[in-house]
Amino acid sequence: MTESQAMIGLDAVVKTYGRAPRIVHAVDGVSLRVDLGETLGIVGESGCGKSTLARMMLGLEPPTSGVMRVSGTDLRALDAGQRRRYRREVQAVFQDPYSSLNPRMRIASTLTEPLVVHRLYSANERRDRARAILERVGLPDDTLSRYPHEFSGGQRQRIAIARALILEPKLIVLDEPISALDVSIRAQVLNILADLRDAFGTGYVFIAHDLAAVATISDRIAVMYLGRIVEIGAAKDVAHDPAHPYTRMLFAAADPTAGTLPPQGEPPSPITPPAGCHFHSRCPFARPDCAAQAPALREVHGRLAACHYAESL
Amino acid sequence: MTAPLLEIEDLAVDATGSAGTVRILDGVSIGLGEGETLGVVGESGSGKSTLAAAIPRLLGPGLAISAGRMRLAGEDVMAMTPARLRRMRGAEVATILQDPLHSLTPWLRIGTQVAEPAVVHDRLSWKAAQARALDLLRGVWIPEPERRLRSYPHEMSGGMRQRVAGAVALSCAPRLLIADEPTTALDPTIQLQYLDLLKSLQREHGFALILITHDLGVVARTCQRVGVMYGGRFVEIGTTAEVMERPRHPYTRGLIASMPRLRSAGSRSDRLAIIPGQPPVPGQMPPGCRFHPRCAQRFEPCDRDSPPAFDLGSDRRVACWLERAFGT
Amino acid sequence: MPGGRFFLRRLVYAAISLAILALTVLAFSKVGGDPVTMMLEPGASQADIDALRQRLGLDLPFWAQYLKFMQNAVTGDLGTSIYYGQSAVGLYFDRLPASLLLAGTAFAWSVLLGIGVGVTAAARPGCVLDRVGAVLALIGMSMPAFWFGMLLIMFFSVHLRWLPSSGSGSWRHLVMPAISLGWYFAASHLRLTRSAMLESLQSDYVRLARLKGMPEWRVILRHALPGALIPVVTLAAINFVLMVNAAVVIETIYAWPGIGRLLYEAISFRDIPVIQAVVLMSGSMIVLLNLATDLLYVAIDPRIRHAE
Amino acid sequence: MRNRFGELDLAATAAALLLLLFAVLAMLAPLVAPHDPTASSLSARLLPPVWSEGGQSTYLLGTDQLGRDVLSRLIYGARVSLTVGVAAVLMAGAIGTALGITAGYLGGFADQIIMRVVDAWMAMPSLVFAIFLAAMVGQSAINVVLILGLVYWTRYARLVRGEVLSLRERDFVKLAVVTGASSLRIMVRHILPNVVNTTVVLATLMLGVVIVTEASLSFLGVGVPPPNPAWGLMLADGKQAMMVGKWWLTVLPGACILLTVMSASILGDYMRDRFDPKGKMR
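Now for a look at the structure at hand. (Residues numbered from 1 in each chain as written. Chains lettered and ligands numbered in written order. Predicted model: local features only at pLDDT ≥ 70, side-chain atom pairs only at ≥ 80, totals over all residues. Heavy atoms only, no water.)

Turning next to the sheet that holds strand S8 (residues 208-213) of chain B. Sheet strands associate in pairs through backbone hydrogen bonding, adopting either a parallel or an antiparallel arrangement. Sheet architecture is open: eight strands sit in the order S6-S7-S8-S3-S9-S10-S12-S11 (chain B), paired in mixed fashion. Where the open sheet ends on each side, the last strands, each with one partner, are strand S6 (93-96) and strand S11 (310-311) of chain B. (Pairing = 2+ DSSP bridges. Helix = DSSP H or I, 4+ residues; strand = E, 2+ residues; numbered from the N terminus.)

Right, dumping it as structure tokens:
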């Protein structure tokens, strides 16, 4: 694949919060690319930096250092037209369906706002498009004239997805889109997302702590730990045959049938991460040099993993 | 068969609010022996948290038990005096709440909060109670327990605080522990640790456990028996292995089938089996079987009559008309 | 240490607030026209006017005047009273003891009653005390203090002839002003205590304390009250400063020789330096008080330091 | 008006009706007032209300020390109090909401400047600050509105800013940013409609406070100038007569203030319970 095909490319991106001596390394040198039309899943525990990564991809926060590229151009160097295009092509769905819709706006205004902002179509056409996209997510026509409080969490999340899709973006960043939903609703929303992806060819960045859900919908999976990517590769490889000890621990925890030992320890503070490999303090396979030297991401069995001993596990 | 520790029969809880009186729990019956574990699974609005609050009789404002019987070790809980209830709550039926960030008092030291029940219920001196608190903190695998006695809650991580909540619950050696979504706010790896801790504490102390959760995976790991709640009722109760492998109620079956699986990783064309529609909201419960609007197998009696719990033997009960139709 | 940065920032904020306070007072004083015309006899010669202007520094550009004003303020000089011919700050401190006595008495009863009834009412919402308290609080918050003061005079001085209608010197002079001044504040303490307690009583930690079978008094005093007291104490402290400095109408009605009365006299004589002094003194007290409470909270409730 | 349980809220309904009555009387003052409020009559000085001994049916609520009809003065007084009160509340609300949204949404330097001014201005006791401003600008009804607007906008600004800070973190605002909406659009379309409830509730609660402050200023002689029939002025004028037992000159205007303020306060509490059940604005 050529560089121009990457919708979003991150190069050694770092994001820190706070001032010395309490600096939080939320994202600590992440490089990855999201290709057109692919679904990249990002998993990890809370505080691993996955949501910070999402906010940076959405241009809600600038990286502290490193470069983020949109269709090959540095985000900071976008001209006005390119920036508008970026705002059209990359959309988002967030976790909390109760916070995602303006409670004082009718659904019609919420859905058509992106079209209004980008001065697309006439008022009538915008309404038609809103109606069409609602049908796609399985909601009736009369939804348009209602207010958010008339809908359940699952319905609101469908509306949020419809809103993200109305500009026919190339990429949607979904940050924990199903974790606030009831168990019986999650599958509905996951199926809708999969259907829409097939229909529109949209790419997703799918962030969640529910590994099974991520594994089901993603083409590739990135596993994050304390601000770093520890493993990234094809969903099948990462889920079925994890190379990194942390990935193993995470997937074992997600599988009720796995009779493995419970994981050790708690994630350390992102203010004072352990030296060397961040995971060594909880790693059952850690050796002395793990604390000394941080492993780089390198190819292991067809995917990238950041572990000195990935092959010998 | 030993006398059950907890017997609940036909328990109903009503909420009084702007929309009049709404039934939150309806016809709930469970029995639990000493040292047993029961998982209670349900979605939001299923009434599972109300059940957790109803057993120690500490329902929120506007909620009241309106019918049913409840016995703890043979004693009628509904007839307890306020003083007896307080003793029951602290010393016999302990509870762990969902949110470890807000369930400890911010301005009291951990030591005080863990020692309190022993001082109040077991009439220990503060000094003796502190010593017991130290043991309890050690017992829930808290590192440096001596130092932690003097800490405040905000100085600890969520996982640590939830362990402290466990220590608080165990301080008077309760016979029943109710854990209301104890791991929902925790990270997956920490969840697993906590469930492991609960199991090992149960082995050590022998209390009975009611584990309330929305996560079937949690139940599968922890509980001998599981009850599935829907719309304020139990739709299916049985041993965990039976229910998970051979679910009989259409809701249970749908729920298990709709769970994403690691096995299906990376297959773009796969779709999950789904239960259509939404879980019902208290106050807008459908008539008859509460699941019938979402049920693919509904037939003639379902929208009219609420199905009773058909007893299938070996401690298995299913509230679905299909059981009558097909015979048991 | 994170506390150090927090401390420093609050200190800078307080300093900026004081500077803006002085700027505001000086700037609005200019709106009132030229003070010189008021200070001289009518028909004074232009030369006299110019001389006085120069002496007062009024011929300087505004920013220079501001700097001078600040400089003087820091050394405790807020000008000379036009009417009394004394230092305005001196006058303020002369009147302070009387105001402190009145405010202290009113504060004491309003806090005891307000917090006491507030806690009891929150512990049993809907009980008789709660209902009575709610009605009294509503009336207390709505009744203009000066009208209440006049009603008291009508009843106790004019009708019953029990208490002197004005003046100072004995406890009998203190009763009515202290009651009418404290009334509003008792209501405000009651309302805040009640609502803060109710909020605290709905928290998860109170629920857990009840689930632990703690006796109700322990739940209320140890688990619920400390958190509720933080906003109440802040409000009470600010209210005390208000009682000292802003009891203008009460002190006017009862001819109580405090700061409020001083302010009233100053308006009557358009004695601008005195008005400025009262505004600045009371404003600065609140700024410093806010600073002190901010810093105190960090000590009391470690969560705040954490959140910063 | 209904409470949380769907029952009629008697207190709130009564308060609303009373305020409405005062408002109607104030608007129709020339039609309903039996006398010219400023016309004095030396022959009819200090007459008591009609039901007291010596009262006359032409002066239902008696007369003051200049022989002016108390009822007419009270009706015209409602005009002054309500007009000044509502105008001041609107002015304070408009300034405070605009600056609060600007400070809260834009943050940074604008926020620093606005909030430091708010801090400093809120530090001055509102009555003392109002007296200071009044002493500077001289007496007129318009000036009282300006003064009260200047004194009270800070309360709106602080409350609105707090609200905006939490709204800014809400996902629908972030989604609007992601879509490319401008800051102005977000402030007008997403933030403003969501703080309107808050400001309306605060305005109702503030109405009483503002009316008391206006009455205090008038009472102290720096508010609405005589011979306007303001309630605070009537109280000040009646003080001498009160000492010799002419109670109606004190009780009646005060009762009008009390009823107005109490109604506004009950209504404000009611709306707060309805719109702000979490009690952010105690």
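What follows is about helix H7 (residues 171-179) of chain D. Residues and elements named next belong to chain D. In terms of burial, H7 is largely enclosed, as eight of its nine residues are buried. For H7, every residue scored as buried is listed here: Asp171, Phe172, Val173, Lys174, Leu175, Ala176, Val178 and Thr179. After H7 finishes, the residue Gly180 shows a positive phi value of roughly 100 degrees. (Buried < 20%, exposed > 50% of the residue type's maximum accessible area, 1.4 Å probe, protein only.)

Take the environment of Leu288(C) next. All names here are of chain C. Relative to the helices and strands, Leu288 is located in helix H13 (residues 272-300). On the basis of relative accessibility, which here comes to 47%, the residue Leu288 falls in the partly exposed class. On a C-alpha basis, the gap between Leu288 and Gly32 in space is 28 Å, while along the polypeptide they are 256 residues apart.

Quick look at the packing of helix H3 (residues 70-106) of chain D against helix H6 (residues 141-168) of chain D now. Residue and element names in this part refer to chain D. Viewed as axis vectors pointing N to C, H3 and H6 meet at an angle of 35 degrees, and their least axial separation amounts to 5 Å. Regarding H3 and H6, the two cross each other, and that crossing is right-handed. Each residue belonging to the contact of H3 with H6 can be placed in one class, and the counts come to 24 nonpolar, six polar and two charged. (Axes fitted to C-alpha atoms, helices over the stretch in contact; angles between N-to-C directions. Left-handed = near helix turned anticlockwise from the far one by under 90°. Nonpolar A, V, L, I, M, F, W, Y, C, P; charged D, E, K, R; others polar.)

Residues and elements named next belong to chain A. An order of S6-S7-S8-S3-S9-S10-S12-S11 is seen for the eight strands of this open sheet, with the pairing classed as mixed. Edge strands, defined here as strands with exactly one partner in the open sheet, are strand S6 (90-93) and strand S11 (298-300). The mean angle between the axes of side-by-side strands here comes to 25 degrees, regardless of whether they run parallel or antiparallel.

All names here are of chain D. Remark: helix H5 (residues 126-137) packs on H6, axes separated minimally by 10 Å, with the N-to-C direction vectors making an angle of 145 degrees. Of the two elements, H5 crosses H6, and the hand of that crossing is right-handed. Residues Ser126, Phe129, Ala130, Leu133, Ala134 and Val137 of H5 form the contact with H6, whose participating residues are Asn143, Ile147, Leu150, Val151, Tyr152 and Arg155. Classifying every residue of the contact of H5 with H6 by side-chain character gives nine nonpolar, two polar and one charged. (Contact = heavy atoms within 4.5 Å.)

As a further point, take the interface of chain D and chain C. At the junction of the two partners, chain D supplies 44 residues and chain C supplies 50 residues. In this assembly, chain D packs against chain C so that about 4,100 Å² is buried in total across both faces, 79% of it on carbon and sulfur atoms. For the interface between chain D and chain C, the tally reads one salt bridge. Of the charged contacts in the structure, one is a salt bridge between Asp269(D) and Arg191(C), with a shortest N-O distance of 2.6 Å. The interface formed by chain D and chain C includes six residue pairs in polar contact (both at pLDDT 80 or more). If you list the elements that add at least two residues to the side of chain D that touches chain C, you get helix H4 (108-123), H5, helix H8 (183-220), helix H9 (231-243) and helix H10 (248-275) of chain D. Looking at the side of chain D that touches chain C element by element, the count peaks at twelve residues for H10(D). When the residues that make up the side of chain D that touches chain C are grouped by side-chain class, the tally is 32 nonpolar, six polar and six charged. (Buried area = accessible area lost by both parts, 1.4 Å probe. Salt bridge = Lys/Arg side-chain N within 4 Å of Asp/Glu carboxyl O. Polar contact = N/O pair within 3.5 Å; in protein donor to acceptor, adjacent residues only side chain to side chain.)

Attention shifts here to the environment of Ala247(C). Residue and element names in this part refer to chain C. Among the secondary structure elements, Ala247 is positioned in the loop between helix H10 (216-245) and helix H11 (248-253). A relative accessible area of 2% places Ala247 in the buried class. With eleven residues separating them along the chain, Ala247 and Gly258 place their C-alpha atoms 8.5 Å apart. Non-local contacts of Ala247, meaning those with residues more than four positions away in its chain, are made with Leu181, Leu242 and Gly260.

Residue and element names in this part refer to chain B. Buried residues dominate strand S9 (residues 225-230), accounting for six of its six residues. Alternating positions in S9 separate into two faces, Arg225, Gly227 and Met229 on one and Val226, Val228 and Tyr230 on the other, with burial throughout. With four bridges joining them, strand S3 (residues 37-41) and S9 adopt parallel strand pairing. Among the inter-strand pairings, Leu38 is bridged to a residue of S9, identified as Arg225.

This next bit is on the interface of chain B and chain C. Each partner contributes residues to the interface: chain B has 26 residues there, and chain C has 19 residues. Counting each side, the surface lost to burial between chain B and chain C is near 2,300 Å², with a carbon and sulfur contribution of 65%. Taken as a group, Leu97(B), Trp107(B) and His154(B) account for 28% of the area that chain B buries against chain C, more than any other trio of residues on that side. One can count two salt bridges joining chain B with chain C. We note a salt bridge from Arg218(C) to Glu116(B), for which the minimum N-O separation is 2.7 Å.

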